[in-house]
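Descriptive analysis of the structure
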Amino acid sequence: AGQDPKTCLAVAIYHEARGENVFGQRAVASVVLQRSEVIGRWGDDVCSVIVPVQFSFLNKDGSFEPILEMEAWRKALVTAGHLLKLGPLPHMQKADHYHTDRVFPKWRHAMIEVRQIGDHIFYRDPSSRS
């Protein structure tokens, strides 16, 4: 409780997509925001969507690797600030899942593939309602 949404979102952007361009970073942030709009499923705000270990960068205790790349952190903070104002991006078509193109999770078969941006493939869960 009392966590700053911008910081929570920036941590997710940094750890999940710092190697992507701004478009890819915004797409990852959009998934987090989209999840926060699906009432009662993942969490009702940005931090509660991220903290229950829904993303691979988090350890089981909710901790994460230190932020060492300061330029990438600054960009993540700027992107987080923009996306918190914009909300989920329309061109992401309500995508609420993603994975990198180096893994093949079983859950992807139940999803509607939206698009690939950089190393990330984005999906919409047909059972999600926002």
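In what follows, the structure referred to is the one given above.
Given the structure is predicted, the values throughout are model-derived calculations rather than measurements.

1. Notes on the sheet that holds strand β3 (residues 120-124)
The strands that make up a sheet pair up through hydrogen bonds in the backbone, lying either parallel or antiparallel. Ordered by their spatial adjacency, 3 strands build an open sheet running β1-β3-β2, and the pairing between neighbours is antiparallel. Of all strands in the sheet, those bounded by a partner on one side alone are β1 (97-100) and β2 (112-117). For this sheet the average axis-to-axis angle between neighbouring strands, irrespective of direction, equals 25°. As paired elements, β1 and β3 share 4 bridges and run antiparallel to each other. Directly across from T100, in β3, lies its bridge partner H120.

2. Thoughts on the state of the cysteines
A covalent bond between the sulfur atoms of two cysteines is what we call a disulfide. Applying the stated criterion across every chain, the model contains 1 disulfide. The disulfide bridge from C8 ends at C47, spanning 2.0 Å between sulfur atoms. Disulfide C8 to C47: torsion about the S-S bond roughly 105°, handedness right-handed. With C8 in helix α1 (residues 5-17) and C47 in helix α3 (residues 46-50), this pair connects stretches of sequence that are 39 residues apart. Of the two residues, C8 and C47, both sit in the buried class.

3. Thoughts on the packing of aromatic side chains
Applying the stated criterion to the full structure yields 3 aromatic pairs. Ring geometry for Y14 and W73: centres 6.3 Å apart, planes at 80°, overall edge-to-face. In this pair, Y14 is assigned in helix α1 and W73 in helix α4 (residues 70-86), connecting sequence segments 59 residues apart. Sitting over the ring of Y14, R18 keeps its end group 4.4 Å from the ring centre.

4. A word on the packing of helix α2 (residues 22-36) against α4
The contact between α2 and α4 brings their axes to 10 Å, and the two run at 50°. It follows from the interaxial angle that α2 and α4 lie oblique. The crossing of α2 and α4 is right-handed. Here Q25, R26, A29, S30 and L33 of α2 come into contact with α4, specifically with K75, T79, H82, L83 and L84. Taken together, the residues of the contact of α2 with α4 sort by class into 4 nonpolar, 4 polar and 2 charged.

Thresholds, definitions, all that
Residues numbered from 1 in each chain as written. Predicted model: local features only at pLDDT ≥ 70, side-chain atom pairs only at ≥ 80, totals over all residues. Heavy atoms only, no water. Pairing = 2+ DSSP bridges. Helix = DSSP H or I, 4+ residues; strand = E, 2+ residues; numbered from the N terminus. Axes fitted to C-alpha atoms, helices over the stretch in contact; angles between N-to-C directions. Disulfide = S-S within 2.5 Å. Buried < 20%, exposed > 50% of the residue type's maximum accessible area, 1.4 Å probe, protein only. Phe/Tyr/Trp six-rings, centres within 6.5 Å; stacked < 30°, edge-to-face > 60°. Lys NZ or Arg CZ within 6 Å of the ring centre and 35° of its normal. Parallel < 35°, antiparallel > 145°, perpendicular 65-115°, else oblique. Left-handed = near helix turned anticlockwise from the far one by under 90°. Contact = heavy atoms within 4.5 Å. Nonpolar A, V, L, I, M, F, W, Y, C, P; charged D, E, K, R; others polar.

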